[in-house]
Amino acid sequence: MELKNFTLKPCSNKTSFEFLPKNKTTLDLKKISKKLNNLEINSKILLILKKDDATISIFKTGKILVRGIKDESKAREIVLNLIKKIN
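Remember, predicted model here, so these are calculated numbers, not experimental data.

Caption draft 1: View of the environment of Lys85. Within the element layout of this structure, Lys85 appears in helix α2 (residues 72-86). Along the sequence, Lys85 and Leu3 sit 82 residues apart, while their C-alpha atoms lie 13 Å from each other.

Following this line, the structure appears as structure tokens:
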């Protein structure tokens, strides 16, 4: 998984960013959850974790939602670091 495989879509409330996979994908959330710390929600369809001021949701469909961040470059940095941990 790489950042270039995602399309960035700012949310209308301007404090969230959606990273949508360009191709249909299904993530193994059980495997991913073992690589991540500070999980708040760990289910079959969704993982939620906190990173500083951001709340990050990882969906089984590959979508990643970063909430609580207004700066697009900061959101990209968060997702890039997340992808590095997952890979």
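The structure having been displayed, the exposition proceeds.
Caption draft 2: A look at the nonpolar core. One finds Phe19, Ile56, Ile58, Ile64 and Val66 to be the most contacted residues of the largest nonpolar core, which totals 22 residues. Counting residues per element, this core draws most heavily on α2, at 6 residues. Those residues in contact with Ile58 that sit more than four places away from it in its chain are Leu27, Leu29, Leu36, Ile45, Leu46, Leu47, Leu49, Lys63, Leu82 and Ile86.

Caption draft 3: Local environment of the side chain of Ser57. Residue position: Ser57 is located in strand β5 (residues 54-59). The class for Ser57 is buried, based on a relative accessible area of 2%. At 3.0 Å, the side chain of Ser57 forms a polar contact with the side chain of Arg67. Sequence-distant contacts of Ser57, that is, excluding residues within four places in its chain, are made with Leu46, Leu47, Ile48, Lys63, Ile64, Leu65 and Arg67.

Caption draft 4: Here's a closer look at the packing of aromatic side chains. Under the criterion given, the structure shown has 0 aromatic pairs. A cation over a ring is seen here: Lys63 above Phe59, with NZ or CZ 4.6 Å from the ring centre.

Caption draft 5: Structural context of the pattern of salt bridges. Counted according to the given criterion, the structure contains 3 salt bridges. Between Lys63 and Glu18 there is a salt bridge, and its shortest N-O distance comes to 3.2 Å. Of the two residues, Lys63 sits in the loop between β5 and β6 (64-67) while Glu18 sits in strand β2 (residues 16-21), which places them 45 residues apart along the sequence. Its relative accessible area of 21% is what places Lys63 among the partly exposed residues. Judged by relative accessible area, Glu18 falls into the buried class, the value being 13%. Each of Lys9, Glu18 and Lys63 takes part in one network of salt bridges that share partners.

Here is what the cut-offs are and how they apply
Residues numbered from 1 in each chain as written. Predicted model: local features only at pLDDT ≥ 70, side-chain atom pairs only at ≥ 80, totals over all residues. Heavy atoms only, no water. Helix = DSSP H or I, 4+ residues; strand = E, 2+ residues; numbered from the N terminus. Core = buried A, V, L, I, M, F, W, Y, C linked by side-chain atoms within 4.5 Å. Buried < 20%, exposed > 50% of the residue type's maximum accessible area, 1.4 Å probe, protein only. Contact = heavy atoms within 4.5 Å. Polar contact = N/O pair within 3.5 Å; in protein donor to acceptor, adjacent residues only side chain to side chain. Phe/Tyr/Trp six-rings, centres within 6.5 Å; stacked < 30°, edge-to-face > 60°. Lys NZ or Arg CZ within 6 Å of the ring centre and 35° of its normal. Salt bridge = Lys/Arg side-chain N within 4 Å of Asp/Glu carboxyl O.

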